[in-house]
Amino acid sequence: MHSNAIDSSILKKVLSHYDFFDGKLDHFAPIPQRLVNQNAKFSAGGVDYVVKRYDKAGLPSCLELSHKVQIHLQGLQFPVAKLEVCRDGNSLVEEGGGVFSIQRWVDGQHLEYLEPDAATPDNLIEEIARRLGQYHSIVQHEFSAPSDLRQQTGQLIQETRTSIRSLTKFKINRLSPYLKLKMRWKKTAFERDLLQLYPLALSLVDSLPDPDNFDVQGFGDVVIAHNDINWQNFIFDSNGKLVALIDFDNMQYAYREIEVGFAALVVVGANPEKLNSFVSIYAECAECPLDLQAVHLAMKIRCIRSFRWALQSYVNDRIEDVELLEGWIRHLRVCAGYLQGLGR
């Protein structure tokens, strides 16, 4: 167990701030995660909940905003997990050096279509595009956002370019993640796949625009982006309807095309026909046209950044489910090849 893991004694202190808790836990267990984090599932009063712990020093910058957005969405019956509010009106509790939030457990299933031969069904593409468009439309009407993110987006491009090239840089007394993996005497098939993706990622970096002379003409307005659209954050029912979009912790302001492109890389990948469908359905539901080239640029950025994250996390033993990562890397390789063909 990690030193900051949640235990039942701390949880009871946290729950004392909520009216629904009568002092008794019916069930408590850490959630088996594919990535290392600090969530647990518990039951109280016959109802299932999730508790999330954040390190106080590393609290997500937009966490309070994300909670306001979630509460607003649930009031409009948009499919999100219900966030519980303390009797003092707050949705965050400080206890034992950590910060905690409580939300209702959502029954349903996660679906994944990451393998090259496992194309996302059309009904799921439509459902996700429609819900993402609705989400942006709802939030845009209720919450203000800056009008110009030229500098922030330029920094995103620069950081993407710099970080991928830093993977091979030698530092005194410390090997980079790429070199650590490359120097392993015996490599698995997955590790070889991971290394072979690096040249593709570099090629995509070379196709990115100059961050100092970045033209945002193709980008539309700024939205409050969920900023972590992936299969693990969708919960569906047995008919493929979205029961809940979860995990808003990484929320931030971004150009609309950035969020849509980041989502498209996951949902449709290297399929131009399905990408066009995803973008078209989104634009109709959000009542806002999109520039496809700007969406392509966002897909490239996420592809590069995802590879970097995957390599660093794997080499530093921060992955608990390597099988999930293997599927994601195969998906990224196909996407990188497709995006490379689009040029600048």
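Below you will find a few notes about this structure.

## A look at helix α8 (residues 272-286)
Between the first and last C-alpha of α8 there are 21 Å, a value that for 15 residues agrees with the 21 Å anticipated at 1.5 Å per step. All of the buried residues in α8 are K274, L275, F278, V279, I281, Y282, A283 and A286. Contacts made by the buried residues of α8 are with α3 (122-142), α7 (256-267), α9 (292-315) and α10 (322-340).

## A look at the side chain of H296
Locating H296 in the fold gives a position in helix α9. For H296, the residues in contact, after removing those within four places along its chain, are L275, Y338, L339 and L342.

## Observations concerning the packing of α3 against α8
Each packed pair of helices is defined by two parameters, the angle between the axes and the distance between the axes. Relative orientation of the contacting elements α3 and α8 amounts to 35°, with a least axis distance of 8 Å. Read as a crossing pair, α3 and α8 show a hand that is right-handed. Residues D122, I125, E126, I128, A129, R130, L132, G133, Q134 and H136 of α3 touch α8, and the partners they reach there are K274, S277, F278, I281, Y282, C285 and A286. Across the contact of α3 with α8, the residue classes break down as nine nonpolar, four polar and four charged.

## Regarding the sheet that holds strand β2 (residues 39-44)
If you walk across this open sheet you meet the five strands as β1-β2-β3-β5-β4, and the pairing is antiparallel. Each having just a single partner strand, β1 (27-30) and β4 (93-95) make up the two edges of the open sheet. Between one strand and the next, the sheet's axes are offset by a mean angle of 30°, whatever the strand orientation. For β1 and β2, the ladder comprises four bridges, and the chain directions are antiparallel. Looking at the pairing, H27 lines up with S43 of β2. Seen against the sheet, helix α1 (residues 8-15) touches β1, β2, β3 (47-55), β4 and β5 (98-104) and runs at an angle of roughly 75° to β5.

## Some remarks on the nonpolar core
Of all hydrophobic cores here, the largest spans 89 residues; its most connected members are Y135, F234, F278 and F307. Residues in contact with F307, not counting those within four places in the same chain, are I164, L167, L194, L197, Y198, A201 and L332. Counting 17 residues, the second largest nonpolar core, distinct from the first, contains I10, F21, A44 and Y49.

## With respect to the packing of aromatic side chains
Under the counting rule described, the total for this entry stands at 13 aromatic pairs. An angle of 45° between the planes, with centres 6.4 Å apart, marks the rings of F78 and Y135 as tilted. Of this pair, F78 sits in the loop between α2 (63-75) and β4 while Y135 sits in helix α3, placing them 57 residues apart in sequence. Note on Y135: relative accessible area 0%, which makes it buried. Directly above the aromatic system of W105 lies the positively charged group of K41, at a separation of 3.9 Å from the ring centroid. Taking the ring centre of F78 as reference, the NZ or CZ of R131 above it sits at 5.7 Å.

## Thoughts on the pattern of salt bridges
Throughout the structure, instances matching the rule amount to 14 salt bridges. Among the ionic pairs, K52 bridges to D247, the shortest N-O distance being 3.3 Å. Of this pair, K52 sits in strand β3 while D247 is found in the loop between β8 (242-245) and β9 (252-255), placing the two residues 195 residues apart along the sequence. Notably, a salt bridge pairs K52 with D249, separated by 2.8 Å at the nearest N-O pair. One end of the pair, K52, is in strand β3; the other, D249, is in the loop between β8 and β9, with 197 residues separating them in the sequence. For the pair K52 and D249, one class covers both residues: buried.

## Quick word on the environment of L111
The residue L111 is located in the loop between β5 and α3 in this model. Expressed as a C-alpha distance, the spacing of L111 and D237, which sit 126 residues apart in the sequence, is 9.9 Å. Apart from residues lying up to four places away in sequence, L111 is in contact with L124, W231 and F236.

## With respect to helix α6 (residues 189-206)
The end-to-end C-alpha separation of α6 is 27 Å, in line with the 26 Å expected for 18 residues at 1.5 Å each. Here α6 has its buried residues at F190, E191, L194, L195, L197, Y198, L200, A201, L204 and V205. Its buried side turned inward, α6 meets α4 (150-165), α5 (177-182), α9 and α10.

## Focus: the side chain of H136
Mapped onto the elements, H136 comes out in helix α3. Excluding residues that lie within four positions of it along the chain, H136 makes contacts with V223, I224, A225, R256, E259 and Y282.

## Considering unusual backbone geometry
A positive phi angle, near 60°, is found at D247, a position not held by glycine. When its relative accessible area of 22% is taken as the criterion, D247 is described as partly exposed. If you check the backbone angles, D317 has positive phi at about 60° while not being a glycine. With respect to the helices, strands and loops of the structure, D317 is situated in the loop between α9 and α10.

Definitions and limits used
- Residues numbered from 1 in each chain as written.
- Predicted model: local features only at pLDDT ≥ 70, side-chain atom pairs only at ≥ 80, totals over all residues.
- Heavy atoms only, no water.
- Helix = DSSP H or I, 4+ residues; strand = E, 2+ residues; numbered from the N terminus.
- Expected span 1.5 Å × (residues − 1).
- Buried < 20%, exposed > 50% of the residue type's maximum accessible area, 1.4 Å probe, protein only.
- Contact = heavy atoms within 4.5 Å.
- Axes fitted to C-alpha atoms, helices over the stretch in contact; angles between N-to-C directions.
- Left-handed = near helix turned anticlockwise from the far one by under 90°.
- Nonpolar A, V, L, I, M, F, W, Y, C, P; charged D, E, K, R; others polar.
- Pairing = 2+ DSSP bridges.
- Core = buried A, V, L, I, M, F, W, Y, C linked by side-chain atoms within 4.5 Å.
- Phe/Tyr/Trp six-rings, centres within 6.5 Å; stacked < 30°, edge-to-face > 60°.
- Lys NZ or Arg CZ within 6 Å of the ring centre and 35° of its normal.
- Salt bridge = Lys/Arg side-chain N within 4 Å of Asp/Glu carboxyl O.

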